[in-house]
Every structure is written in C-alpha cells, then in structure tokens.
Amino acid sequence: MSSTAGQVIKCKAAVAWEAGKPLVIEEVELAPPQANEVRMKILFTALCHTDVYFWEAKGQTPMFPRIFGHEAGGIVESVGEGVTELKPGDHVLPIFTGECGKCSHCNSEESNLCDTLRINTERGVLLDDGKTRFSKNGQPIYHFLGTSTFSEYTIAHAGCVAKINPAAPLDKVCVLSCGVSTGMGATLNVAKPKKGQSVAVFGLGAVGLAACEGARMAGAGKIIGVDLNPDRFNEAKKFGVTDFVNPKDHNKPVQEVIAEMTNGGVDRAVECTGSFQAMISAFECVHDGWGVAVLVGVPNKEDAFKTHPLNFLNERTLKGTFFGNYKPRTDIPSQVEKYMKKELELEKFITHSVPFNEINKAFDYMLKGESIRCIIRMDA
Ligand code: NAD
Ligand code: ZN
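Everything quoted here is computed from the prediction, not taken from an experiment. (Residues numbered from 1 in each chain as written. Chains lettered and ligands numbered in written order. Predicted model: local features only at pLDDT ≥ 70, side-chain atom pairs only at ≥ 80, totals over all residues. Heavy atoms only, no water.)

Engineer: If you had to explain the side chain of D227 to someone new, which residues and values would you point to?
Structural biologist: Take D227: it is sitting in the loop between β11 (222-226) and α5 (232-237). An unpaired buried charge is present at D227: no salt bridge exists, and R232, the closest side chain of opposite charge, is 5.0 Å distant. Engagement of the side chain of D227 in a polar contact is seen with the backbone nitrogen of N229, the distance being 2.8 Å. With residues near it in sequence (within four places) discarded, D227 still touches G203, L204, R232, F244, V245, N246 and P247. (Helix = DSSP H or I, 4+ residues; strand = E, 2+ residues; numbered from the N terminus. Buried < 20%, exposed > 50% of the residue type's maximum accessible area, 1.4 Å probe, protein only. Lys, Arg positive; Asp, Glu negative; His and termini not counted. Salt bridge = Lys/Arg side-chain N within 4 Å of Asp/Glu carboxyl O. Polar contact = N/O pair within 3.5 Å; in protein donor to acceptor, adjacent residues only side chain to side chain. Contact = heavy atoms within 4.5 Å.)

Shown next as structure tokens:
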C-alpha cells in the first residue's frame, strides 16, 4: 500500500484553461480512485494530434478547463474498489479506448469498440459517478479521453489501462499507447495488404509513419507517402516509404497522380491526416475491383464525406478504425514484448524530448511540423 492511497493527491498538471492558449502548469488536486478506477503516476507522456485538435477546439466542442494527454506510460499508485487485475507498482500504459472484457464487442474478434469504454471525446468526466477527479481550489477540471496524462498523477478506468512488462523502458513504449499502435494496426489489422501490393499512406506524422512501417512489415511492394510537408520524405524513408507525393506539386487531384503511378490505383490506402479532403482522396485512389481504404484521422465535428456512389459499385471498400483495431488490454502487452525482442523499433518515432514545464514546446514542434513524437518527461 502506498502512503498516498485513499488520500487526495496534490500534484502538478498542465491545465488548458482556454482554447488555443498555452497550457499552464498548476498545482491541482486529484481525488482517490473510485470503483473500477486506477490512479497512476505518469512518468512519460507524448503529444498526439488528437490532443491538439481538442485544445484548439476549432472544429470540435470546446470543454475547458481540461487536462489533455492520452499517450503515456506510468506506474499504478493505488486502485479503487473492484479492481483485481492491477495493483500498486504495476507498469502500465493508459489507453484512450477501453476493454471491459464482457460486452459483445470485447467478445468479438472483429471489434475493439467496447460498449462502455470506447473512445468518447465529448466526455470530460469519469464513468463511475459522472464527475471529475481533478480540481483546483474546488473548481472541477475536465478529463480528456478518460486518460488526462498531462499530469504527474491521473485516474483512468481499469479497463483503459494495459499492464505491461516492468522491464520495458516507459520513455519508449509510451508511444504504443496511441500513435504507433494506431497506425501499425490500421495497416496490419484493417487494410491488410498482401505481399507485394502497393500501399498509399496519407499524412506522415507518427500515426502515418507507423502505418508505413506496418506496410513494410506486411511486405508491401510500393509504399507511397503523401504529405503537404516536403521535409517528411527524408524521415519517411526510414519507415519503408519508396515514393513521395506532395499534393502541392501537382495541378490535378492527388488520387489521379497516384492512379497514374500505380496502373489504375493502389491496392490499399491508409489516411492519417484528419483532413476530409485527404480522406476522399485516400478512398478514390484505391484500385477498382479490390482496393481498400482505411480512415484513421480524426475529422472535425461538421465534416462530411462526399464521393460518387459508383466508386463503391466499382468494388472499392472504405473502412475506418480507432486504435488500429487493437484491443488495448489484450493486445498491447504483446506489442511491448515485440519491442523488447527488437522486432519493433520505436526510437525512430521519437524526435524530441522536453521536461514537463516546457510542455508547450511540444505543441510548437507539432504545429510547425518539426516533430514526429515529442516525449514529455514528467520528473524533469
Ligand atoms: P501529425 O500532425 O504528426 O501528422 C499529420 C501529418 O498529416 C502531417 O505531417 C501533416 O503535414 C499531414 N497532412 C495534413 N493534412 C494533409 C493533407 N490534406 N494531405 C496530406 N497530408 C496532410 O499527426 P498524428 O499525431 O500522426 O495524427 C494523425 C491523425 O491521426 C490525426 O488526425 C489524429 O487525430 C489521428 N489519430 C487517430 C487515431 C485513431 O484511433 N483513429 C489515433 C491517433 C491519432
Ligand atoms: Zn492519439
């Protein structure tokens, strides 16, 4: 039993008070975990573009003050009533979408969309009592994705916490808690390219580069990286990308450029941008007869997808996925093992690192397109 179990913890958290304004490191209060909840000490966290969208709140519902962050690694501090599979001291990755283990989705081999714990970007409270656990001077502070990892301590539902090998370095494997698993799974579990096939990946951030890595692992013949940022191509070569297309370099739609490069279209496309135009291009660039496109990017609230129905009649398939269809508690520990056995390289996704009190720099790096993943060190 830790000395803090059952007590309110005072800790530092990066609070977003207003949309698009720098986060402020504040001392906040974190209540003890309630039934089925886990309180964790976060050691490392990283910034994912999903945090940035909801912080900017341009095309998303604003909810402030809020503590963002969902890609992280930590150690269990204490657990609430009814938690049997986790105990203080366990090394864990909190995951933005959960696995209750009992519902029809958790029992289906095809789905990771748990009935109760699936991703919910609109919820700023925890499920047990519909309240927040964070507060400052009595004012509640909203949670984000049920994880809120931009804090020295946080609380998540036990179904959203994957227990991993304690020997795994948390400053590396934390990227498996969102970006890398999402992109790799989108290719390997959903797009499922066959050996020798061509794959186009839209958006070459951490998620897209992980999708490229998945394509490389599947033995894809041609991997076409599509990005508006020309600096991404050099980086992308390390992830198996063979060809680069910058839509800005062409005066016709990128789907036509790709069709010309591939004799009628790619076999698989994975969209990792969040731009609905890119989502449409990703669908329309797959080959008729067998092509499959997978959407991963998080769209704005009001976005709509428009394409001619004939594109479907011509036997193209459109799919989408959260977290690469991985079940967080069942599948993620073995992804960590793959890293430990050197079957998975994570270092190349990590381009920057900052101490917690410089967390706003991580936002700058992402917004300028300079970083793939920036690790935020909580103890520094
Ligand atoms: P990132 O900002 O690091 O990378 C996005 C890349 O897309 C950038 O390099 C950018 O230049 C490029 N891009 C933007 N618009 C483009 C366009 N129209 N055409 C081509 N390239 C374009 O972001 P990330 O952290 O890698 O996340 C990528 C996307 O995946 C985001 O939308 C994020 O919200 C989403 N996401 C989804 C899930 C999921 O489970 N479905 C999980 C994590 C992240
Ligand atoms: Zn994410």
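Engineer: Could you give an account of the pattern of salt bridges, with specific residues and numbers?
Structural biologist: One pass over the full model with this rule turns up 19 salt bridges. Two residues, E18 and K21, come together in a salt bridge whose shortest N-O distance is 3.2 Å. On the basis of relative accessibility, which here comes to 44%, the residue E18 falls in the partly exposed class. Salt-bridge contacts for K348 lead to E213; the nearest nitrogen and oxygen are separated by 3.1 Å. Here K348 is found in the loop between α9 (328-340) and β16 (350-355), whereas its partner E213 is found in helix α4 (residues 206-217), with 135 residues between them in sequence. Here the residues in one salt-bridge network are E213, R216, E345 and K348, joined through shared partners.

Engineer: So what about the environment of Y339? Which residues, and what values?
Structural biologist: With respect to the secondary-structure elements, Y339 resides in helix α9. On the accessibility criterion, Y339 (12% relative accessible area) is buried. With 170 residues separating them in the primary sequence, Y339 and P169 have C-alpha atoms 9.8 Å apart. Beyond its immediate sequence surroundings of up to four residues, Y339 is in contact with P169, K172, V173, L344, L346 and E347. Here the side chain of Y339 touches E347 through a polar contact of 2.6 Å, side chain to side chain.

Engineer: Quick rundown of α4? Include the residues and the values.
Structural biologist: Taking 1.5 Å as the rise per residue, α4 with twelve residues should run 16 Å; its terminal C-alpha atoms sit 16 Å apart, in good agreement. Burial runs high along α4: ten of the twelve residues are buried. Turning to α4, its buried residues number three or more, namely A206, V207, G208, L209, A210, A211, C212, E213, G214 and A215. Taken from the residues just after α4, G219 is the one with a positive phi, measuring 85°. (Expected span 1.5 Å × (residues − 1).)

Engineer: Can you tell me about the sheet that holds strand β10 (residues 198-202), naming the residues and giving the values?
Structural biologist: Within the open sheet, the six strands sit side by side as β12-β11-β10-β13-β14-β15. Their pairing is parallel. Both edges of this open sheet fall to β12 (243-245) and β15 (317-320), since each of them pairs with a single strand only. The mean inter-strand angle of the sheet, taken between neighbouring strand axes irrespective of direction, is 20°. Direction of pairing for β11 relative to β12: parallel, over a ladder of three bridges. Counterpart to V226 in the pairing with β12 is V245. Its contacts with the sheet place α4 against β10, β11 and β13 (268-271), and it is angled at close to 170° to β10. (Pairing = 2+ DSSP bridges. Axes fitted to C-alpha atoms, helices over the stretch in contact; angles between N-to-C directions.)

Engineer: How would you summarise the packing of aromatic side chains if you had to cite specific residues and measurements?
Structural biologist: A complete count under the given rule lists eleven aromatic pairs for this structure. Between F68 and F144, the ring centres sit 4.8 Å apart and the planes meet at 65°, which makes this aromatic pair edge-to-face. Of the two residues, F68 is situated in the loop between α1 (49-56) and β4 (71-79) and F144 in the loop between β7 (139-141) and β8 (153-157); the sequence distance between them amounts to 76 residues. Of the two residues examined, F68 and F144, each falls in the buried class. Of the aromatic side chains, those joined through ring pairs into one cluster are F54, F64, F68 and F144. The ring of F233 carries the charged tip of K237 above its face, separated from the ring centre by 5.0 Å. Over the ring of F239 we find K348; its NZ or CZ atom is 4.8 Å from the centre of that ring. (Phe/Tyr/Trp six-rings, centres within 6.5 Å; stacked < 30°, edge-to-face > 60°. Lys NZ or Arg CZ within 6 Å of the ring centre and 35° of its normal.)

Engineer: Provide a residue-level description of the coordination of the zinc ion (ligand 2), including the pertinent values.
Structural biologist: The protein atoms that coordinate the zinc ion (ligand 2) are C48 (SG), H70 (NE2) and C178 (SG), at distances spanning 2.0 to 2.3 Å. Coordination of the zinc ion (ligand 2) draws on donor residues from a single chain, spaced C-x21-H-x107-C in sequence. Of the two residues, C48 sits in the loop between β3 (37-46) and α1 while H70 sits in the loop between α1 and β4, which places them 22 residues apart along the sequence. Using a relative accessible area of 4% as the deciding quantity, one classes C48 as buried. (Donors = N, O, S within 2.8 Å, 3.2 Å for Na, K, Ca; no water.)

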